[in-house]
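# Chains, contacts and geometry: an overview
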Amino acid sequence: MRRTNPNQFIEVRAERLEGAPVGERRRWSDEFKHRAIAAALEPGTNISALARSLNITPSQLFAWRRTAVLRMERIERQTPAETRAAKTHRVEIETGGALVRVSADISEADLCRLLRAVREA
């Protein structure tokens, strides 16, 4: 069959086929998700076996766990500087009206030089 107009359009309509199953999404409570994620984060846990025992798919549990880990990382990045300093083992020394923050593993000689320079300034 030959087309006379090169700009012919075909109308397409998506319709549901009769007899096709209507899928319903299962909804899980937040408490169930939290318990499942906590169990999945325990060391040595077989995620696939845990998911089967909870009657969910392993991919669903992996996704919940990944989302929880990303959320925890985002929260850690948003914590105040003082909290991060405590986590990275920093020491704060207030001397002469100045606050000096140094790593806890600074050598004694370097710390003495630093404090002397702050006092002289």
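About the criteria used
- Residues numbered from 1 in each chain as written.
- Predicted model: local features only at pLDDT ≥ 70, side-chain atom pairs only at ≥ 80, totals over all residues.
- Heavy atoms only, no water.
- Helix = DSSP H or I, 4+ residues; strand = E, 2+ residues; numbered from the N terminus.
- Buried < 20%, exposed > 50% of the residue type's maximum accessible area, 1.4 Å probe, protein only.
- Contact = heavy atoms within 4.5 Å.
- Areas by Shrake-Rupley, 256 points an atom, 1.4 Å probe, with all protein chains shown as cover.
- Phe/Tyr/Trp six-rings, centres within 6.5 Å; stacked < 30°, edge-to-face > 60°.
- Pairing = 2+ DSSP bridges.
- Expected span 1.5 Å × (residues − 1).
- Arc of directions from axis to C-beta.
- Salt bridge = Lys/Arg side-chain N within 4 Å of Asp/Glu carboxyl O.

## Notes on the overall build of the chain
From N to C terminus, the chain includes five helices and two strands. Relative to its 121 residues, the chain shows a buried fraction of 14%. Pairs at least 24 apart in sequence give 28% of the contacts found in the chain among residues at least 6 apart. Accessible surface for the chain amounts to roughly 10,700 Å². Of this, 52% is attributable to carbon and sulfur atoms.

## Some words on the environment of R119
Tracing the chain through its elements places R119 in helix α5 (residues 108–120). Separated by 21 residues in the primary sequence, R119 and A98 have C-alpha atoms spaced 8.8 Å apart.

## Digging into the packing of aromatic side chains
Following the criterion strictly, the structure yields three aromatic pairs and no others. Considering the side-chain rings of W28 and W64, the 6.5 Å spacing of their centres and the 80° angle between planes classify their relative orientation as edge-to-face. Linking W28 in the segment before α1 (30–41) with W64 in helix α3 (residues 58–77), this pair joins segments that are 36 residues apart in sequence. A residue is classified by how much of its surface remains accessible, and W28, at 27% relative accessible area, is partly exposed. You can call W64 buried: its relative accessible area is 10%. Ring centres of F32 and W64 lie 6.2 Å apart, and the angle between their planes is 85°; on these two criteria the pair is classed as edge-to-face.

## Some points on the pairing of strand β1 (residues 90–95)
Two strands pair when backbone bridges link them, and β1 and strand β2 (residues 98–103) are joined in this way by six bridges, in the antiparallel orientation. Residue pairing across strands places E92 opposite R101, the latter belonging to β2. Between β1 and β2, which pair antiparallel in sequence order, lie two residues; one of them, G96, sits at a positive phi of approximately 60°.

## Some thoughts on α3
If you check α3, its first and last C-alpha atoms are 29 Å apart, about what 20 residues at 1.5 Å a residue would give, namely 28 Å. Residues L61, W64 and A68 constitute the buried set of α3. Relative to the axis of α3, the buried residues are bounded by an arc of 60° and lie together on one face. Turned more than 90 degrees from where α3 packs its buried face, S59, R66 and R77 sit exposed. Looking at the buried side of α3, the elements it contacts are α1 and α2 (47–53).

## A few points about the pattern of salt bridges
Tallied over the entire structure, the rule returns three salt bridges. For E31, the salt bridge identified is with R35, shortest N-O distance 3.1 Å. Pair noted here: E31 and R35 are both in helix α1, with a separation of four residues, about one helical turn. Put simply, R113 and D110 hold a salt bridge, and the shortest N to O gap is 2.2 Å. Pair noted here: R113 and D110 are both in helix α5, with a separation of three residues, about one helical turn.

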